[in-house]
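Given next are the chains, with one letter for each unit.
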Protein chains: 2
Amino acid sequence: MKTLLKNVKLVNVFTETIEETNVLIDGEIVAGVGTYYTSEDADECRDLAGKYVCPGFVDGHIHIESTMMTPWGLANACLPKGTTSVVTDPHEIANVCGVDGIKYMLQASEGLPLNVYVMLPSCVPATMFDESGANLFAKDLEELYSNKRVLGLAEMMNYPGIIYGDEATIEKVTECVKKDKVVDGHAPLLKGRDLDKYVSYGIQSDHECSSYEEAYERIQKGQWIMIREGSAAKNLEGLHKLIDGPEYQRCVFVTDDRNPMDILTEGHIDNIVRKAIALGKDPVRVIKMASLNAALCFGIKRAGAIAPGYKADILILDDLNKVSIKEVYASGKCIYADGQISEIKKPLIDKKLVDIVSNSFHLDTLTKEDFYVEPKGNKCRVIKVIEGQILTDEVIEELDFTKNNGINTDKDILKLAVIERHKNTGHKGIGYIEGIGLKEGALAASVSHDSHNLIVIGSNDEDMMVAANQVIEMGGGMTVVKKQEVIAKLSLPVAGLMGINDAATMAKDNETLRSKARELGVKENIEPFMNMAFVSLPVIPSLKMTTTGLVDVNQFKKVDLFV
Amino acid sequence: MKTLLKNVKLVNVFTETIEETNVLIDGEIVAGVGTYYTSEDADECRDLAGKYVCPGFVDGHIHIESTMMTPWGLANACLPKGTTSVVTDPHEIANVCGVDGIKYMLQASEGLPLNVYVMLPSCVPATMFDESGANLFAKDLEELYSNKRVLGLAEMMNYPGIIYGDEATIEKVTECVKKDKVVDGHAPLLKGRDLDKYVSYGIQSDHECSSYEEAYERIQKGQWIMIREGSAAKNLEGLHKLIDGPEYQRCVFVTDDRNPMDILTEGHIDNIVRKAIALGKDPVRVIKMASLNAALCFGIKRAGAIAPGYKADILILDDLNKVSIKEVYASGKCIYADGQISEIKKPLIDKKLVDIVSNSFHLDTLTKEDFYVEPKGNKCRVIKVIEGQILTDEVIEELDFTKNNGINTDKDILKLAVIERHKNTGHKGIGYIEGIGLKEGALAASVSHDSHNLIVIGSNDEDMMVAANQVIEMGGGMTVVKKQEVIAKLSLPVAGLMGINDAATMAKDNETLRSKARELGVKENIEPFMNMAFVSLPVIPSLKMTTTGLVDVNQFKKVDLFV
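Residues numbered from 1 in each chain as written. Chains lettered and ligands numbered in written order. Predicted model: local features only at pLDDT ≥ 70, side-chain atom pairs only at ≥ 80, totals over all residues. Heavy atoms only, no water.

Student: Can you help me understand the sheet that holds strand E27 (residues 557-559) of chain A in this one?
Tutor: Adjacent strands of a sheet pair through backbone hydrogen bonds, lying either parallel or antiparallel. Residue and element names in this part refer to chain A. The antiparallel open sheet is built from three strands, whose spatial order is E25-E26-E27. Taken across any chain shown, the strands that pair with only one partner, and hence form the sheet edges, are strand E25 (543-546) and E27. On average, each strand axis in the sheet is inclined to that of its neighbour by 40°, with strand direction left out of account. Strand direction decides the pairing type here: strand E26 (residues 549-552) and E27, joined by three bridges, are antiparallel. Within the sheet, the bridge partner assigned to Leu 550 lies in E27 and is Val 559. (Pairing = 2+ DSSP bridges. Helix = DSSP H or I, 4+ residues; strand = E, 2+ residues; numbered from the N terminus. Axes fitted to C-alpha atoms, helices over the stretch in contact; angles between N-to-C directions.)

The structure is reproduced here in structure tokens:
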């Protein structure tokens, strides 16, 4: 099948110009670009009357699980936004299901019109305090590298491990480099000697930069900078000066973590492109960063441009500056037009893998007593949530254990539980949290970084029990409980992380969860399920809760609840 | 071993700036770049007092055989010129020895301080008229791709084969693309639809462009442009405008064919860098093209820059604009300093391969009668050499066969013989050539593109016989004979293409051959052995001689000597 796109203004990312020309598509690839192509060369000829065409956008670093959608769901959501390729790190599902989780993501993204490339999770579990569903070493990743869509090793977050010479950590990097694949980085604020040491192992990128100076040093030192605009972390504002100099040649765009509502309403990579243009950057240069640069960064050949032999991932734009996407061609087929996406076939996945990710919850029904704290004093270390941040503080509070087992909603002191759910070990960490604002009821979720154990926050043990059991019953998900009744829920049956619905349904269900949580008192500046999900990540200061109790992240050691 | 290069002006090819800093080398790689490194960080600390350092240069396309040196010989010659990496196409030796010739080149370049990457010859033999030593199909190349230094398929010269759908030709390209390797191009003056077709197979570069317009179209269409400055073809003058726009990001520098004398006197890639700077280009940008760009073009990771984790191929320059190379570090070791190159160990090569390339001449001693032409008329097609070009004309001359078997030095009509030497088939093409100027004696050589049969030009059959037998006796080489005496000779025992001596000796011997040929009458504007070497290449118009007789290249068919 040959299609001619006639009378287009082509965004040429090689010459950084706009050409008035015709584009001939043959099957999955661009066959030619030139005014000499006519309707006689094609089976179908479309006169685009001066519309812009540009290469499809690439998200250089995403955790698909963070969209709460499967790869199929994401494809449906991001193709209309012009993202035709993503490089995903299945870090979350790997923490739950190990190598099988990665294999599931590979199969679940095979043959989609969205090109899904995979970077292998480098830090499973994230720390030694975590009780995740799997422990991945270099040897476990070995077999996965042979998949053509596996480009390398994902964000090496354990930069202390690299700098201080942890052998198992370094082995993962060197094995990847030996295979001539790429290694992504994640090392916020690292600089100078430490940065040199870290980068010298071949770690080629970073997506955690927030300031121009931080990013510039990394570019000087050979790294690619991934300019991130996620749902929480937004770095374009701080980094946009990179686009003004030759440094732009070493930058790509990424979303990292972006929720379905933001994708639906604000967009995906197109949102970053639009923002950069609004900041006064040249649209052609910005589009090059969103396409060709990512292909160069990862060594993806014959992609990221509209040129003969290149994959025909093409966007048709009504307006270049507004990046208003009218149509999307993926591998030569028009997948999105006039606000409608074509039906996307769900990939076939081995039953064994489907069974594994669909049965990732291994936890018996809980009782009220499971949430009880045995008082061993009255002064406790309490996690204090900070509005708008995933950082937390540690505060020492005097709790009254004569009432409601220490909970005091008047003082905004709630109970928090993190319960191991991968191997039914019975491990649980129970403590207290302040700053959420909940006046009654409870929240529970199976999304809790990075090990994704069951996390529950509540105003009383009964509601916590009901919320927890609802998540267990769904085999993963999120819920809001009031007076022992479930008033909102979202099922995430795939590893407890992803739902099977499309973005609109997911976004609506999420919105219901959020508004119901607010009805129970959650403050305006607290994202209930997002803030809760990071309370269990013991790499972000200061005090966090794990399945085996509190961790003082600054001291990197476990601490007791009672002082 | 750690070495600190202190107080340097570093040419940073990422930021395109010059930084005053220190560079720490650890073993083969750059460990760090920063003013915070002191002598305490290193075993050896060198204060460079403000000298410039820049990444080693990369030659993106070279036929090492054309330097008449082995890879070891080239390393000795080009490292002092700042070339620390070459991407070679062993097309010539493959035409003589097939896959074994390529294996020989791989082994002969293993472990050298010069990084030698290999592109597999795509067109052996160059045409169906050629009688080469081997015929290479896609399946023959298969096993070679597994070598890590094999980056892809070399210049696909058979562009008509690609455009008109020759299956065996296309198979070579698609097999390489399937392996996710790169394919270089060679398609002078191709444009429009034909160029689109050719490029659409994934052919990613071209080194034959001579005009800005020609090159610009290719960059528009996604190709990399290799700006060539060889001994014969010089394209920088015609292409330098590419360096002024964003197109520079898609350009690299190559020599293609460059003789030892030119390397010694004018330089190698440094010569192109110098010329570009002299044309007013920014030295930092030009150095980036000579280093990082080539790494990006071929997907060579962690190379082409001075940054942590990058291979420590570093040049120390006295003067940036003059590119005066004071010292060269190759893989972290100082290999050249103060005009002296360190001794380079010769690579170990399998005896079997050495035997094959050292015994590539299969031809019995010739007699005077072997050069005799049986007159079948007196009007002959004669090859007319054009000064300064490798193109030839066809002229019809009336020859007097009563004297000297048709040779007439007064009219500058000499005899020409191309004798099959790979399989001792006895095939030979004998005819006449004009425009050389030889008044007496004969010239013979085993370098005759692309099949490298034995080629002889002479003023009489006896001298031709002596010259031919001298080349046979040497097992390959070049010679000048006068009155049946050898007055100059150069031994090329490796496949009849390469000598075992260093550049200075090779250049001196070449110069002797040239001057002795001139003494016998060869004209000023004729390069005797270079012009002779292209008389047998039946892809360059108009009339050429092969082992089976004359070929009319314009009609692409064999023609008789006698009209």
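What follows continues from the structure just given.
Student: I'm lost on the relation of the copies chain A and chain B in this one. Help?
Tutor: Copies of the same chain, two in number, are related to each other by a rotation about an axis and a translation along it. Under the fitted operation, chain A is carried onto chain B by 0.0 Å of movement along the axis and a turn of 180°, and the coordinates agree to an RMSD of 0.1 Å. Expressed as a symmetry operation, the mapping of one chain copy onto the other fits a two-fold axis. Within chain A, the C-alpha atom positioned nearest to the axis of rotation is that of Gly 299 of chain A, 3.1 Å from it. Of all interface residues in chain A, 100% are interface residues in chain B too; the two copies therefore contact each other through one and the same surface. (Least-squares fit on C-alpha atoms with pLDDT ≥ 70 in both. Contact = heavy atoms within 4.5 Å.)

Student: Looking at this structure, I do not really get the packing of helix H10 (residues 269-278) of chain B against helix H11 (residues 283-290) of chain B. What am I missing?
Tutor: Helix-helix packing is described using two parameters, namely the angle between the two axes and the distance between the axes. Residue and element names in this part refer to chain B. Orientation of H10 relative to H11, taken along the N-to-C sense of each, is 150°, at an axis distance of 9 Å. The pairing of H10 with H11 is recorded here as roughly antiparallel in orientation. The handedness of the crossing between H10 and H11 comes out as right-handed. Between H10 and H11, the contacting residues are Ile 269, Val 273, Ala 276 and Ile 277 on the first element and Pro 283, Val 286, Ile 287 and Ala 290 on the second. (Parallel < 35°, antiparallel > 145°, perpendicular 65-115°, else oblique. Left-handed = near helix turned anticlockwise from the far one by under 90°.)

Student: Sorry if this is basic, but what is going on with the interface of chain A and chain B here?
Tutor: Interfaces are often sized by the amount of accessible area the parts lose when they come together. Opposite the 46 residues of chain A that make contact, chain B presents 46 residues. Buried area between chain A and chain B, both sides added, is near 3700 Å², and the carbon and sulfur share of it is 48%. When the area that chain A buries against chain B is broken down by residue, the three leading residues are Phe 14, Arg 193 and Arg 302 of chain A, summing to 16%. Here chain A and chain B share four salt bridges between them. A salt bridge links Arg 193 of chain B to Asp 41 of chain A; the shortest N-O distance between them is 2.8 Å. Linking chain A with chain B are 26 residue pairs in polar contact (both at pLDDT 80 or more), by the criterion used here. A breakdown of the residues in the side of chain A that touches chain B according to their chemical character gives 19 nonpolar, 11 polar and 16 charged. (Buried area = accessible area lost by both parts, 1.4 Å probe. Salt bridge = Lys/Arg side-chain N within 4 Å of Asp/Glu carboxyl O. Polar contact = N/O pair within 3.5 Å; in protein donor to acceptor, adjacent residues only side chain to side chain. Nonpolar A, V, L, I, M, F, W, Y, C, P; charged D, E, K, R; others polar.)

Student: Explain the pairing of strand E6 (residues 83-88) of chain B to me, please; I cannot follow it from the model alone.
Tutor: Taken residue by residue, a regular strand's side chains alternate between the two faces of the sheet. Residues and elements named next belong to chain B. For E6, the tally of buried residues reaches six of six residues, placing the bulk of the element in the interior. Two elements, E6 and strand E7 (residues 115-120), share four bridges in a ladder whose sense is parallel. Bridge pairing in E7 places Val 86 opposite Val 116. (Buried < 20%, exposed > 50% of the residue type's maximum accessible area, 1.4 Å probe, protein only.)

Student: Explain unusual backbone geometry here, please?
Tutor: Most of the time, phi is negative for any residue but glycine, and the peptide bond is trans. All names here are of chain A. Note that the residue after Val 124, namely Pro 125, is joined by a cis bond; omega there is -5°. Topologically, Pro 125 is positioned in the loop between strand E7 (115-120) and helix H3 (138-141). The backbone of Ser 331 sits at a positive phi, close to 45°, despite the residue not being glycine. Considering the arrangement of structural elements, one finds Ser 331 in the loop between strand E14 (324-330) and strand E15 (333-337). With a phi close to 50°, Asn 424 is a non-glycine residue in the positive phi region.

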